[in-house]
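Spelled out from the first residue to the last, the chains are:
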Amino acid sequence: MLDEEIINRLEDLSSTLLADVMNYENVMDCKIKPINYKKKLVGQARTISVYPGDNLYIHYGIYEADPGEILVVDGKDSEVSAYIGNLMAAAAEQLGIKGIVIDGLVRDKRELEEMDIQIYAKGLYSKGPRKNGPGSMDETIQCGGVVVNSSDFIVGDEDGVLVIPYKKAEEFIVKAENKKNYEIERLNTIQNFKNDINSDKSTIEPKWLRQSLESNT
């Protein structure tokens, strides 16, 4: 598949579906959540690594990234300061960047909530950062405990953020689409269940349940 087709198909898949088909791997720390959620974040990563509490290379990344990309920042889980605020986010939005994902803190929540660029972080903090470096861009990083490379696919929604390795994207998309169809059918079965004296609960019981129970006895 072309990258554009992959992104279009990922738009129809939730982070939960994709997490399941990746065997729960590649899912970022649960503390990384949307600061100003408006819609699902889907795109390709540009990776940035920074010194704890320093945002020099995030500034650099904003002006180096291409429209439609997502900046993914290894902030080292720092609580020294916020990494970005309203000015940086506004510049990134004007330059067409889809989102910024940071395993660290941000600030200016009220202003961020007015923007369309999607910001994911671990929390909020008033204190601003240094701008001295060191740092790097387009190298392999870790963000939220997950390895990320530039061009990997990112999916973020209200449940969290995950990373789909570039070379395995098509495989995971097909599995997630099949699981989505299964879940639609199963939900219809559950919702159509009539709970009365003659109902057979086994019609909605998961097929794997008894087998799993037996294997644990």
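These figures come from a predicted structure and were not determined experimentally. (Residues numbered from 1 in each chain as written. Predicted model: local features only at pLDDT ≥ 70, side-chain atom pairs only at ≥ 80, totals over all residues. Heavy atoms only, no water.)

Asker: Any chance you could break down helix 4 (residues 86-94) for me, citing the residues and the numbers?
Answerer: Among all positions of helix 4, only Met88, Ala89, Ala91 and Ala92 are buried. One side of helix 4 holds all its buried residues, which, seen down the axis, span an arc of 160°. What points out from helix 4, more than 90 degrees from its buried face, is the exposed set Leu87 and Gln94. In the core, the buried residues of helix 4 are packed alongside helix 3 (56-64), strand 4 (99-102), helix 5 (109-112) and strand 6 (118-121). Of the residues one or two after helix 4, Gly96 is the one with positive phi, at around 90°. (Buried < 20%, exposed > 50% of the residue type's maximum accessible area, 1.4 Å probe, protein only. Helix = DSSP H or I, 4+ residues; strand = E, 2+ residues; numbered from the N terminus. Arc of directions from axis to C-beta. Contact = heavy atoms within 4.5 Å.)

Asker: A description of the nonpolar core should follow, citing residues and the corresponding values.
Answerer: Considering soluble globular proteins, one finds that nonpolar side chains tend to be buried as a cluster. In this structure, Ile58, Ile84, Ile100, Val106, Ile117 and Ile119 are the most contacted members of the largest nonpolar core, which totals 24 residues. Mapped by element, the contributors of at least two residues to this core are strand 2 (41-50), helix 3, strand 3 (70-74), helix 4, strand 4 and strand 6. Counting residues per element, this core draws most heavily on helix 4, which supplies four residues. Not counting chain neighbours up to four residues away, the residues in contact with Ile119 comprise Lys33, Pro34, Ile35, Asn36, Ile84, Ala89, Ile100, Val106 and Leu112. (Core = buried A, V, L, I, M, F, W, Y, C linked by side-chain atoms within 4.5 Å.)

Asker: Before we move on, can you summarise the pattern of salt bridges with the specific residues and values?
Answerer: Scanning the entire structure with this criterion turns up 13 salt bridges. Between Glu171 and Lys175 there is a salt bridge; the shortest N-O distance is 3.2 Å. Of the two residues, Glu171 and Lys175 are both situated in helix 6 (residues 169-191); the distance of four residues between them amounts to about one turn of the helix. When its relative accessible area of 40% is taken as the criterion, Lys175 is described as partly exposed. Across the salt bridge formed by Lys179 and Glu183, the nearest N and O atoms sit 2.4 Å from each other. With Lys179 and Glu183 both in helix 6, this residue pair falls four residues apart, about one helical turn. Since its relative accessible area comes to 22%, Lys179 is described here as partly exposed. Judged by relative accessible area, Glu183 falls into the partly exposed class, the value being 35%. One salt-bridge network, held together by shared partners, links Glu5, Arg9 and Glu177. (Salt bridge = Lys/Arg side-chain N within 4 Å of Asp/Glu carboxyl O.)

Asker: Which residues make up the pairing of strand 11 (residues 153-157), and what values go with them?
Answerer: Counted residue by residue, strand 11 has five buried out of five residues, so it is predominantly covered. On strand 11, burial covers both faces: Phe153, Val155 and Asp157 on one face and Ile154 and Gly156 on the other are all buried. Pairing of strand 2 with strand 11 involves four bridges; the strand directions are antiparallel. The residue of strand 11 that forms the bridge with Gly43 is Ile154. In textbook terms, the turn of a hairpin is the stretch between consecutive antiparallel strands, and for strand 11 and strand 12 (residues 160-164) this stretch comprises two residues. (Pairing = 2+ DSSP bridges.)

Asker: Run through the packing of helix 1 (residues 3-10) against helix 6, naming residues and quoting values.
Answerer: Helix-helix packing: each pair is described by the crossing angle between the helix axes and the interaxial distance. Look at helix 1 against helix 6: their axes get within 11 Å of each other, and the N-to-C directions meet at 30°. Here helix 1 is positioned roughly parallel relative to helix 6, judged by the angle of their axes. Here helix 1 and helix 6 pass one another in a crossing that is left-handed. When helix 1 is examined against helix 6, the residues Ile6, Arg9 and Leu10 are found in contact with a partner set consisting of Ala169, Ile173, Val174 and Glu177. (Axes fitted to C-alpha atoms, helices over the stretch in contact; angles between N-to-C directions. Parallel < 35°, antiparallel > 145°, perpendicular 65-115°, else oblique. Left-handed = near helix turned anticlockwise from the far one by under 90°.)

Asker: So what's going on with unusual backbone geometry? Which residues, and what values?
Answerer: Looking along the chain, the bond that leaves Gly133 and enters Pro134 is cis, with omega of 0°. The topology assignment puts Pro134 in the loop between strand 7 (123-124) and strand 8 (135-137). Backbone geometry at Asn23 places phi at a positive 55°, although glycine is not the residue there. In this structure, Asn23 sits in the loop between helix 2 (15-21) and strand 1 (33-34). Given the relative accessible area of 57%, Asn23 is considered exposed. Residue Ser151 is not a glycine yet carries a positive backbone phi of 85°. Classification of Ser151 as partly exposed rests on a relative accessible area of 34%.

In short, the description is geometric, and any link to function would need to be established separately.
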